[in-house]
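Geometric and topological summary
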Amino acid sequence: MTQEELNNIIKPENLVYEKSKIMTNNTLSFCPGCGHGTAHRIIAEVIEEMGIQEQTIGISPVGCSVLMYNFLDIDMQQAAHGRAPALATAIKRLMPEKYVFTYQGDGDLAAIGTAETIHACNRGENIAIIFINNGIYGMTGGQMAPTTLEGMQTATSPYGRDLKIMGNPLKITEMVAMLAGTYSVTRQSVHTAANVKKAKKAIRVAFENQKLEKGVSFVEIVSNCNSGWKLSAPAANKWMEENMFPFYPLGDIKVEGKLVK
Amino acid sequence: MAKIKGAIVVDNEACKGCGVCIVSCPCKVIELSKEVNGKGYNYCYMKDPDACIGCASCGMVCPDGVITVYKVKSE
Ligand SMILES: Cc1ncc(C[n+]2csc(CCOP(=O)(O)OP(=O)(O)O)c2C)c(N)n1
Ligand code: SF4
Ligand code: SF4
Ligand code: SF4
């Protein structure tokens, strides 16, 4: 193809995909290939498509995504480790007309923040919780998390997670689905285009649900941590399909207040 | 029959060379360049532009949002 032929395709009227305008031009602080970036992008796309930039307040966690407020051009607050659902509760109760969401890793949401997660879900706060589960503490150097799989090697389980000593991996998403305060609970991923589309739809539903005032919408995204897993990004995604998905199966768990799984 | 032709534009300086777009492309259009950008990453480029169908798979999976996708239909 000649450059001229290419230039005839690369024209504004032929645009089919570009980065959401809700994303700032700051370079994402994530490792190459990390699913956090993709998750950020689809949240931004949902906010842009719903036209709710001015009405949305996000809560960033402690973890690799602590700087989320630098990457999305919306109002955000950063919570102490694990406390995002408590902060989201306060913000939503003070400003019930806003769309309020938390964005949290598994160390944040399922370890230090377990109490906040469970009680916000049990109280049925009208918020969205976006939960990025990469089975590890990414930011601090790849230590074992409650979500780490059996046998999985991490910095603090170099011989693999031994259930006899370290206990069982925690399926907190299934746990919160059992609570009366959750209205929708789903598990998604963002490593392929088809999965990105599904995850985006799930996030859209979680945002739209807030107007119904029927409780928490909980979206888990099973994601990679190439650095912590010590794999290239494509290899990490493959490893995730083969190892994470059997234990953390994708799909809806609770729809419109009813368990479907 | 309508012919579909696509093209992508990669922000070379922002690409982190992760290769996620390469495996996502159904038409094997993308490759990592031998050159590196200012950050030392081998950025990706269209090795086979004729094969691109503008499906936007690469754009959707790029964690850093550095791919813009264009598509034309011709009769
Ligand atoms: C009160 C407190 N305890 C511990 C830490 C150290 N710390 C920072 S990030 C983190 C875990 C983050 O893991 P995760 O939530 O899974 O996010 P990821 O980095 O993998 O995205 C820990 C333990 C801290 N910052 N504050
Ligand atoms: S350490 Fe893991 S979770 Fe953190 S940015 Fe890198 S790949 Fe992503
Ligand atoms: S997915 Fe994005 S960052 Fe990764 S190699 Fe492709 S264009 Fe570069
Ligand atoms: S638009 Fe589709 S065909 Fe073209 S490079 Fe991207 S993934 Fe490949």
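Reading guide: rules and limits
- Residues numbered from 1 in each chain as written.
- Chains lettered and ligands numbered in written order.
- Predicted model: local features only at pLDDT ≥ 70, side-chain atom pairs only at ≥ 80, totals over all residues.
- Heavy atoms only, no water.
- Core = buried A, V, L, I, M, F, W, Y, C linked by side-chain atoms within 4.5 Å.
- Buried < 20%, exposed > 50% of the residue type's maximum accessible area, 1.4 Å probe, protein only.
- Contact = heavy atoms within 4.5 Å.
- Near = heavy atom within 4 Å.
- Nonpolar A, V, L, I, M, F, W, Y, C, P; charged D, E, K, R; others polar.
- pLDDT = per-residue confidence, 0-100.
- Helix = DSSP H or I, 4+ residues; strand = E, 2+ residues; numbered from the N terminus.
- Salt bridge = Lys/Arg side-chain N within 4 Å of Asp/Glu carboxyl O.
- Pairing = 2+ DSSP bridges.
- Expected span 1.5 Å × (residues − 1).
- Bend = angle between axes of the 7 residues up to and from the residue.
- Polar contact = N/O pair within 3.5 Å; in protein donor to acceptor, adjacent residues only side chain to side chain.
- Phe/Tyr/Trp six-rings, centres within 6.5 Å; stacked < 30°, edge-to-face > 60°.
- Right-handed = clockwise from strand over helix to strand, strands pointing away.

Structural notes on the nonpolar core
Residue and element names in this part refer to chain A.
- Grouped together as the largest cluster of nonpolar side chains are 61 residues, with contacts concentrated most on Ile43, Leu72, Phe101 and Phe207.
- In this view, Ile43 contacts Met68, Leu72, Phe101, Tyr103, Ile130, Ile203 and Phe207; residues no more than four positions away in its chain are not counted.
- Grouped together as the second largest cluster of nonpolar side chains are 21 residues, Ala110, Leu179, Val185 and Val216 included.

Description of the site of ligand 4
- The environment of ligand 4 is formed by 13 residues, the closest being B:Cys25, B:Cys52, B:Cys55, B:Ala56 and B:Cys58.
- Each residue belonging to the shell around ligand 4 can be placed in one class, and the counts come to 11 nonpolar, two polar and no charged.

Section: the confidence of the model for chain A
- On average, chain A scores 98 in pLDDT, and the residues at 70 or more come to 100%.
- Mean pLDDT across the elements of chain A ranges from a minimum in helix H1 (residues 3-9) of chain A, with 93, to a maximum in strand E9 (residues 216-222) of chain A, with 99.

Notes on the interface of chain A and chain B
- Each partner contributes to the interface: chain A provides 30 residues, whereas chain B provides 30 residues.
- Our enumeration of links across chain A and chain B arrives at zero salt bridges.
- Listed by contribution, the elements that provide at least two residues to the side of chain A that touches chain B are H1, strand E1 (15-17), helix H2 (35-50), helix H9 (193-209) and helix H11 (233-247) of chain A.
- Where E1(A) lies against strand E4 (residues 67-74) of chain B, two bridges are found, and the strand directions are antiparallel. Bridged to A:Leu15 within E4(B) is B:Tyr70.

Quick word on H11(A)
- Taking 1.5 Å per residue, 15 residues should reach 21 Å; H11(A) reaches 20 Å between its end C-alpha atoms and fits that length.
- The sharpest bend along H11(A) reaches about 35° and sits at A:Met240.
- Turning to H11(A), its buried residues are A:Ala233, A:Ala236, A:Asn237, A:Met240, A:Met244 and A:Phe245.
- Buried-residue contacts for H11(A) involve strand E5 (128-133), strand E8 (182-189), E9 and helix H10 (226-229) of chain A together with helix H1 (20-24) of chain B.

Some remarks on H2(A)
Residue and element names in this part refer to chain A.
- Across its 16 residues, H2 extends 23 Å between first and last C-alpha, which sits within 8% of the 22 Å expected from 1.5 Å per residue.
- With respect to burial, H2 is a largely interior element, 14 of its 16 residues being buried.
- Looking one or two residues beyond H2, the residue adopting positive phi is Gly51, at roughly 65°.

Digging into the side chain of A:Ser189
Residue and element names in this part refer to chain A.
- Its place among the elements puts Ser189 in strand E8.
- Relative accessible area serves as the criterion here: at 0%, Ser189 is assigned to the buried category.
- Engagement of the side chain of Ser189 in a polar contact is seen with the side chain of His191, the distance being 2.8 Å.
- In terms of polar contacts, Ser189 uses its side chain to reach the side chain of Asn195, at 3.4 Å.

Looking at unusual backbone geometry
- Phi at A:Lys230 is positive, roughly 55°, even though this residue is not glycine.
- Counting through the fold element by element, A:Lys230 comes out in the loop between H10 and H11.
- With relative accessibility at 69%, the residue A:Lys230 sits in the exposed group.
- Phi is positive for B:Lys28, close to 50°, though the residue is something other than glycine.

Quick word on the packing of aromatic side chains
Residue and element names in this part refer to chain A.
- All chains considered together, the criterion is met by six aromatic pairs over all chains.
- Residues Tyr99 and Phe207 carry aromatic rings whose centres are separated by 6.5 Å and whose planes lie at 25° to one another, so their mutual orientation is stacked. Taken together, the residues Tyr99 in strand E4 (residues 99-105) and Phe207 in helix H9 connect sequence positions 108 residues apart.
- A relative accessible area of 10% means that Tyr99 is categorised as buried.
- By the ring-pair criterion, three or more aromatic residues cluster together here, those being Tyr99, Phe101 and Phe207.

As for the pairing of E8(A)
Residues and elements named next belong to chain A.
- In terms of burial, E8 is largely enclosed, as eight of its eight residues are buried.
- After leaving E8, the chain enters H9 and then returns to the sheet as E9, a path that is right-handed.
- Bridge count between E8 and strand E10 (residues 251-255): three bridges; the pairing is antiparallel. Bridge pairing links Arg187 to Gly251 in E10.

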